[in-house]
Amino acid sequence: MKPLPIKNSWVLVTGASAGLGRASALRLAEWYQAKPLIVGRRLDNLSELQAEIDERFHIPCEIIVTDQREIEGREKIAAKVAELKVTAALLVADLTSFGPFDASRADAYAEVIETNILSFTDLLTGLIAIFRQQPFESSIIAVSSLAGETSVPFQAVYGASKAYVSNLMRALSVELAGTGVSVGSFAPGGIDTDMAAVSDLKWGRLGLMDVDRCAAYACHALVHRQSFAIPGIGNRLTYLASRTLPRSLTSRLAALPYRRPR
Ligand SMILES: NC(=O)c1ccc[n+]([C@@H]2O[C@H](COP(=O)([O-])OP(=O)(O)OC[C@H]3O[C@@H](n4cnc5c(N)ncnc54)[C@H](OP(=O)(O)O)[C@@H]3O)[C@@H](O)[C@H]2O)c1
């Protein structure tokens, strides 16, 4: 498919106050001269990013400070997307869970499910409805994870939520074919961000992908309207192995980076 022209167009980036979302907003401004519409709950981080985009690239950038779990928050995002005639959306915002399944409270899992599944689905529905009415083509990439392609012991609820994202986007990429709205998912392995830092990985940062490198792949997937993309050879080989090996073995291997309870 032809790359989507996003130069001088607005691109929505959720989860832009940290990690992959922040790095992707910078990449979109620097490499594609796209205008980021950045979303998160932390105003300070978003303002800092806005100033950096202005100083380094002289590109306009707008901020939405909101909690995506709230319906008003999602309405605020949708209204701005329609007003600015946003061309593409990189949906990065997410919450993780880690540790033995029964060590966490049900309400902690409810937060993950609310963020990664319920509010994500509602936001996506709204964006697709807006994009379908616009007289130009558009692209949406939801950031999933390799964790969604296997099962992930010790990060089980998060992994299951990512399986939902991947599966949904795979179905929608077919459903929406020919409408002018391309959708897909992006499935990284570990990335060197705050999320990985809090996940209590046995080997620390070893094997984690540099966040700017990962962002470059994510933006490429968005612009090239890929229905499914995995960044980097190592992650692609891991994915292929997970498709070839028995599932029980894949799950046992996926547990290796996590500390087990003593
Ligand atoms: N890090 C990894 O190893 C890894 C591996 C595979 C896939 N991924 C995926 O990559 C994406 C980015 O991960 P990351 O490592 O960059 O995570 P991160 O550093 O924890 O950043 C998460 C972002 O999501 C935003 N967010 C979370 N809940 C929100 C809410 N209710 N409303 C609005 N914004 C919210 C946060 O902003 P505020 O706190 O300001 O609201 C933050 O900007 C996620 O989809 C994750 O699942 C990560």
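Within each chain, residues carry numbers counting from 1 in the order of the written sequence. With the structure being a predicted model, the display of local features is reserved for residues of pLDDT at least 70 and the display and counting of side-chain atom pairs for 80 or more, all residues being used for whole-chain, interface and lining totals. Only hydrogens and water are removed before side-chain values are computed, so all heavy atoms of the structure are retained for them.

As recorded in an unreviewed UniProt entry, the protein goes by the name Short-chain dehydrogenase/reductase SDR, listed as coming from Croceicoccus marinus. UniProt positions are given in the numbering used here, feature names are shortened, and annotations may be inferred rather than shown by experiment. We quote the UniProt Pathway (unreviewed entry) comment for the protein here in full: "Lipid metabolism; fatty acid biosynthesis."

## What about the site of the ligand?
Neighbouring the ligand are 29 residues; Ser-17, Leu-20, Arg-41, Tyr-158 and Thr-193 lie closest to it. Two N or O atoms form a polar contact when they lie within 3.5 Å of each other; inside protein one atom must be a possible hydrogen donor and the other a possible acceptor, and for residues adjacent in sequence the pair counts only when both atoms belong to side chains. At 2.6 Å from an oxygen atom of the ligand is found a side-chain nitrogen or oxygen belonging to Arg-41. For the ligand, an oxygen atom lies 3.0 Å from a polar atom in the side chain of Asp-94. Going along the chain from the N terminus, every DSSP run of H or I of four or more residues is numbered as a helix, and every run of E of two or more is numbered as a strand. Looking at the shell around the ligand, the elements with two or more residues in it are α1 (19–32), α5 (156–175) and α6 (194–197). Sorting elements by how many residues they give to the shell around the ligand places α6 first, with three residues. Amino acids are sorted into nonpolar (Ala, Val, Leu, Ile, Met, Phe, Trp, Tyr, Cys and Pro), charged (Asp, Glu, Lys and Arg) and polar (every other residue, Gly among them). Classifying every residue of the shell around the ligand gives 11 nonpolar, 11 polar and seven charged. A single heavy atom is enough: if one lies within 4 Å of a molecule or strand, its residue is considered near that molecule or strand.

## Quick word on helix α9 (residues 247–254)
The buried label goes to any residue with under 20% of its type's maximum accessible area, the exposed label to any with over 50%, and the partly exposed label to all in between, with areas taken from a 1.4 Å probe on protein chains only. Along α9, the residues that are buried comprise Thr-250, Ser-251 and Ala-254. End-on view of α9: buried residues confined to an arc of 100°, all on one side of the axis. On the buried face of α9, the contacting elements are α8 (233–244). By construction, the arc corresponds to the directions joining the helix axis to the C-beta atoms. Pairs of residues are marked as contacts when any of their non-hydrogen atoms sit within 4.5 Å.

## Some points on a nonpolar patch on the surface
Any residue with relative accessible area above 30% and no salt bridge may belong to a patch, with like charges joined within 9 Å and the nonpolar Val, Leu, Ile, Met, Phe, Trp and Tyr side chains within 5 Å. Methods summary: accessible areas were calculated by the Shrake-Rupley approach with a probe of 1.4 Å, and residue burial reflects only the protein chains presented. What counts as a salt bridge is simple: a side-chain nitrogen of Lys or Arg found within 4 Å of a carboxyl oxygen of Asp or Glu. A surface patch of nonpolar side chains, amounting to about 500 Å² of accessible area, comprises Trp-203, Leu-206, Leu-245, Leu-253 and Leu-256. Structurally, Leu-256 can be placed in the segment after α9. According to the relative accessible area criterion, Leu-256 is partly exposed, its value standing at 39%.

## Let's talk about the packing of aromatic side chains
When the centres of two rings from Phe, Tyr and Trp lie within 6.5 Å, Trp using its six-membered ring, the rings pair. Their planes under 30 degrees apart give stacked, over 60 give edge-to-face, and anything left gives tilted. Tallied over the full model, the rule gives two aromatic pairs. Relative to Tyr-109, the ring of Phe-101 has its centre 5.1 Å away and its plane inclined at 5°; by these criteria the two rings are stacked. Overall, Phe-101 belongs to the exposed group, its relative accessible area being 55%. The exposure class of Tyr-109 is buried, given its relative accessible area of 9%. A ring is scored as having a charge over it whenever the NZ atom of a lysine or the CZ atom of an arginine sits within 6 Å of its centre and within 35 degrees of its normal. Its end group placed over the ring of Trp-31, Arg-27 keeps NZ or CZ at 3.7 Å from the ring centre.

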